[in-house]
Amino acid sequence: MRIFVFLALISTADAARKRGPPQVSEPVVVVGGGLAGLSAALEVLDSGSKVVLIESQANTGGNSAKASSGINACATAAQKKLKIRDSFDLFYSDTLNAGDRQNDVELVDVLVHSSTDAIKFLEESGVDLGDVNLCGGHSTPRTHWVPSPKEGKPIPVGFEIMKKLRARLDAIQIDRPEDVTILNGTSMTGLVSWNEYMTGVNVLLPSGKSQEVAGKAVILATGGFASDKSDDSLLIEFAPETIKFPTTNGAFAKGDGVKMARAMGAAVVGMENVQIHPTAFVDPADPKANTKFLAAEALRGKGAIMINMDGKRFANELGRRDYLSARITKGCKPIDEFQGGSGGHSAAIMLMNDEAADSFGRPAFNFYHLVKKFFKKYDNLAAFAKAANIDEKTIETTINEYNELVGSDDKNVHDDFSKTVFPVNFVADQPIYAAIVTPAIHYTMGGLKIDSQGRVFNDLRKEPFKGLFAAGEVAGGVHGSNRLAGNSLLECVVFGRIAGKNAARTKYDKTEL
Ligand SMILES: Cc1cc2nc3c(=O)[nH]c(=O)nc-3n(C[C@H](O)[C@H](O)[C@H](O)COP(=O)(O)OP(=O)(O)OC[C@H]3O[C@@H](n4cnc5c(N)ncnc54)[C@H](O)[C@@H]3O)c2cc1C
Ligand SMILES: *[C@@H]1O[C@H](CO)[C@@H](O)[C@H](O)[C@H]1NC(C)=O
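Just so you know, these numbers come straight off a predicted model, no measurement behind them. Position numbers for residues start from 1 in each chain and track the written sequence from start to end. Written order decides the labels, with chains lettered from A and ligands numbered from 1. Local features in a predicted model are, by the rule used here, given only for residues with pLDDT of at least 70; side-chain atom pairs are given and counted only at 80 or more, and totals for whole chains, interfaces and linings are based on all residues. To get the side-chain values, all heavy atoms of the structure are used, and hydrogens and water are removed first.

1. Focus on the overall build of the chain
Right, on to step 1. The way it works is that DSSP assigns letters per residue, a run of H or I at least four long becomes a helix, a run of E at least two long becomes a strand, and they are numbered from the N terminus. A count of helices and strands for the chain gives 16 helices and 21 strands.
Right, on to step 2. At 24 Å, the chain has a C-alpha radius of gyration in line with the 24 Å of a compact globule built from 513 residues.
Right, on to step 3. At a minimum sequence separation of 6, the contacts of the chain that also span at least 24 residues come to 72%.
Right, on to step 4. All accessibility values rest on the Shrake-Rupley procedure with a 1.4 Å probe; residue burial counts only the protein chains present in the view. Taken as a whole, the chain presents about 22,300 Å² of accessible surface, with 52% of it coming from carbon and sulfur.
Right, on to step 5. His residues and chain termini do not enter the charge count, which takes Lys and Arg as positive and Asp and Glu as negative. Where a charge lies is defined by one atom per residue type, namely NZ (Lys), CZ (Arg), CG (Asp) and CD (Glu). If you average the places of the 58 positive and of the 61 negative side-chain charges in the chain, the two averages end up 4 Å apart. Computation of the radius of gyration draws on C-alpha atoms alone. For the globule rule, the value is 2.2 Å times the number of residues to the power 0.38. Here, two residues are considered to be in contact whenever any of their heavy atoms come within 4.5 Å of each other.

Right, here's the structure in full:
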């Protein structure tokens, strides 16, 4: 840490010789092309400033494009239309309850009160968010997503949002070509400052050359560190017990923004809070892959059950994420032979039948089964037991015991794991679908400490940096110890836009210098 700060000071001195104070006409440099980055870039442009967007991958999208459950908001037109009762207070308290009250309350206040407008912003960009769902941890339905078309494939919400925002950015670029620069395949390697001001970043271009990209302010929107297994891994530093898990995140989620701002003296918060998702699919074609596809919560909601290799259920499939992850980690062994095995990770078998698949939605289920081939179909329970080398009698007993509870109206009826909801019956001589699932790092709650203006806090000077903003998963504090489903996309839009507005406004007063 000390060494980094020392280096940062040297580069500050170097840069000071090269340039004068940042000019109003200079662009805002936005690093990261996920939802936070695109929201910020659009707001910068809307404020009349220029923007340079830097994205390490070939295309924009990030983890934002993978989001599948939706985005939270209250007091929206969609909630009104569906006659859903909600309030800012209720949304606020749900968020704090999920985060064990470790959240930064000022940021949560901004988050919930800006949520109505965040949905409007996305709808003005052409995203239909007319459907509203109830997700775990919420007192009322407020997770907005794209209504499923009557026919054909469902539209994944994160992908749709990222497609429409990129189209909006591209349209502005056609109108104002000198105002929009998108550098894809280009990685930030460090921050550049001039005296007290952050005035740009160093990048590695696709050609392999290094270059400085200068601007009047920098917005970090590089996402989280769920994939960071590097030598200087933030996971190892702050949450070493999580390093054994694979992740649902793309390989680009390696905490660059956190590390590079920290090297300049930025404060971090909540870094030890890492969310593990209990069910990521093990791909039979690549069981060892570090990045795994998320097995949506709704699969279990619609009736999927989970067993270990002894043919027994071991948990309430609808329990909290941390509970279910721990049950798999502690109660299940790695799978060797069956369906390609689990790549050495503790894993469970997820079982579905046709009734559960229909209830989940056939097009979406077929994507997992026929396109991705995570689920394999067996003609009946006996065929599955044989393939998995599980005792047929044991699995039959498991199914029969479960079936006895299906259809009960009595809310007091529960199984050995306190499960009270039993969506579907499993029939031994009907087809059954099996997939291997394993816990995976899903989200990193911690990150750079920001204030309600989106400014990154400078731990050395005990005040916000001048000209350095952060938004999205790279920032910490909003979610406390645990993120409420659907709050991450919202955070990206809300704080991305705030950072964009404030960065565009950056004006250096001569008397300050
Ligand atoms: C499978 C999955 C499903 C999810 N579902 C939901 C959901 O339904 N609702 C919800 O609210 N949240 C959900 N989340 C969480 C949410 O999607 C993410 O937390 C959020 O999208 C993060 O957005 P971001 O803009 O901060 O980062 P990202 O979208 O990850 O974008 C960061 C970008 O920065 C780029 N980058 C990184 N380092 C550099 C560098 N050095 N130089 C240049 N570029 C760099 C990356 O390539 C990436 O494109 C889900 C996450 C996953 C993985
Ligand atoms: C940048 O994007 C363009 C257009 O989508 C693409 O053709 C090109 O390959 C990308 N460049 C890199 C280095 O990823």
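2. A few points about the packing of aromatic side chains
Right, on to step 1. Working definition: a ring pair exists when centres of Phe, Tyr or Trp rings (six-membered ring for Trp) sit within 6.5 Å. Plane angles under 30 degrees give stacked, over 60 give edge-to-face, the rest tilted. A full pass over the atoms with the stated rule returns 16 aromatic pairs.
Right, on to step 2. Ring pairs connect the aromatic residues Phe-281, Phe-293, Phe-360, Phe-365, Phe-367, Tyr-368, Phe-374, Phe-375 and Tyr-433, which therefore count as one cluster.
Right, on to step 3. Charges are assigned to positions over rings by a cutoff of 6 Å between ring centre and Lys NZ or Arg CZ, combined with an angular limit of 35 degrees from the ring normal. Positioned over the ring face of Phe-457 is Lys-449, at 5.7 Å from the centre of the ring.
Right, on to step 4. The ring of Tyr-443 carries the charged tip of Arg-483 above its face, separated from the ring centre by 4.2 Å.

3. Quick notes on the site of ligand 2
Right, on to step 1. Consider each residue's heavy atoms; a residue with any of them within 4 Å of a molecule or strand counts as near. If you check the shell around ligand 2, you find Ala-58, Asn-184, Gly-185 and Pro-206 and nothing else.
Right, on to step 2. Taken by itself ligand 2 offers 360 Å² of open surface, and the protein chains cover 36% of this.
Right, on to step 3. Classification convention: Asp, Glu, Lys, Arg as charged; Ala, Val, Leu, Ile, Met, Phe, Trp, Tyr, Cys, Pro as nonpolar; all other residues, Gly among them, as polar. Looking at side-chain class alone, the shell around ligand 2 contains two nonpolar, two polar and no charged residues.

4. Considering a nonpolar patch on the surface
Right, on to step 1. Patches in this entry comprise residues that are over 30% relatively accessible and not in a salt bridge; like charges within 9 Å are linked, as are nonpolar side chains (Val, Leu, Ile, Met, Phe, Trp, Tyr) within 5 Å. The working definition used for a salt bridge is a side-chain nitrogen of Lys or Arg within 4 Å of a carboxyl oxygen of Asp or Glu. A surface patch of nonpolar side chains, about 350 Å² in accessible area, is lined by Phe-293, Phe-367, Leu-370 and Val-371.
Right, on to step 2. The element best represented in the nonpolar patch is helix H13 (residues 362-371), accounting for three residues.
Right, on to step 3. Note on placement: Phe-367 falls in helix H13.
Right, on to step 4. When a residue's accessible area, from a 1.4 Å probe over protein chains only, is under 20% of the maximum for its type it is buried; when over 50% it is exposed; and in between it is partly exposed. Given a relative accessible area of 31%, Phe-367 falls into the partly exposed group.

5. Concerning the site of ligand 1
Right, on to step 1. Inspection of the region around ligand 1 gives 40 residues, with Glu-55, Ser-64, Ser-69, Glu-473 and Ser-488 positioned closest.
Right, on to step 2. Between Gly-34 and ligand 1, the recorded distance is 3.5 Å, taken from a backbone N or O atom to an oxygen atom.
Right, on to step 3. For this analysis, a polar contact is any N or O atom pair within 3.5 Å, provided that within protein one partner can donate a hydrogen and the other can accept it, and provided that sequence-adjacent residues contribute only side-chain to side-chain pairs. Within the backbone of Ser-56, an N or O atom sits 3.1 Å from a nitrogen atom of ligand 1.
Right, on to step 4. For ligand 1, the protein covers 98% of the area, taking 1,000 Å² as the surface of the free molecule.
Right, on to step 5. Contributions of two or more residues to the shell around ligand 1 are made by helix H2 (35-46), strand S7 (187-194), strand S17 (432-444) and helix H16 (487-504).

6. A word on the domain arrangement of the chain
Right, on to step 1. An automatic or database domain assignment is the source of the domain bounds shown. For the chain, the assigned domains read domain 1 (2-18 + 32-65 + 158-273 + 445-512), domain 2 (66-155) and domain 3 (275-441).
Right, on to step 2. Here the C-alpha centre of domain 3 lies 38 Å away from the C-alpha centre of domain 1.
Right, on to step 3. Residue-level contacts link 17 residues of domain 1 with 15 residues of domain 3.
Right, on to step 4. Taking both partners together, domain 1 and domain 3 bury about 1,300 Å²; carbon and sulfur atoms supply 57% of that area.
Right, on to step 5. Throughout, buried area stands for the accessible area (probe radius 1.4 Å) lost by two parts on being put together, summed over both. Contact with domain 3 buries surface across domain 1, with Phe-245, Pro-246 and Thr-248 losing the most and accounting together for 46% of the total.
Right, on to step 6. The interface formed by domain 1 and domain 3 contains zero salt bridges.

7. Some points on the sheet that holds strand S3 (residues 71-72)
Within a sheet, neighbouring strands are paired by backbone hydrogen bonds and run either parallel or antiparallel to one another.
Right, on to step 1. If DSSP finds at least two bridges between two strands, the strands pair. Judged by pairing direction, the sheet is antiparallel, and its three strands sit side by side in the order S3-S5-S4 without closing on themselves. Of all strands in the sheet, those bounded by a partner on one side alone are S3 and strand S4 (131-133).
Right, on to step 2. As paired strands, S3 and strand S5 (residues 143-145) are joined by two bridges and run antiparallel to one another. When the sheet's bridge partners are listed, Asn-72 is paired in S5 with Thr-143.

8. Some thoughts on the sheet that holds strand S18 (residues 447-449)
Right, on to step 1. The strand order S11-S18-S21 describes an open sheet built from three strands, whose pairing is mixed. Where the open sheet ends on each side, the last strands, each with one partner, are strand S11 (268-269) and strand S21 (475-476).
Right, on to step 2. Examined bridge by bridge, S18 and S21 share two bridges and lie parallel to one another. Across the sheet, the residue bridging to Lys-449 is Gly-476, located in S21.

9. Quick notes on the nonpolar core
Right, on to step 1. The term nonpolar core refers to a set of buried residues drawn from Ala, Val, Leu, Ile, Met, Phe, Trp, Tyr and Cys, joined through side-chain atoms within 4.5 Å. Ranked by internal contacts, the top residues of the largest apolar core, which has 89 residues, are Ile-161, Val-201, Leu-220 and Phe-495.
Right, on to step 2. Per-element tally for this core: the top contributor is H16, with 10 residues.
Right, on to step 3. When residues of this core are sorted by domain, at least three fall in each of domain 1 (2-18 + 32-65 + 158-273 + 445-512) and domain 2 (66-155).
Right, on to step 4. Residues contacting Ile-161, with those up to four places away along its chain left out, are Leu-35, Ile-71, Leu-122, Val-127 and Leu-489.
Right, on to step 5. In this structure, Phe-281, Tyr-368, Leu-381 and Ile-399 belong to the second largest nonpolar core, which totals 48 residues.

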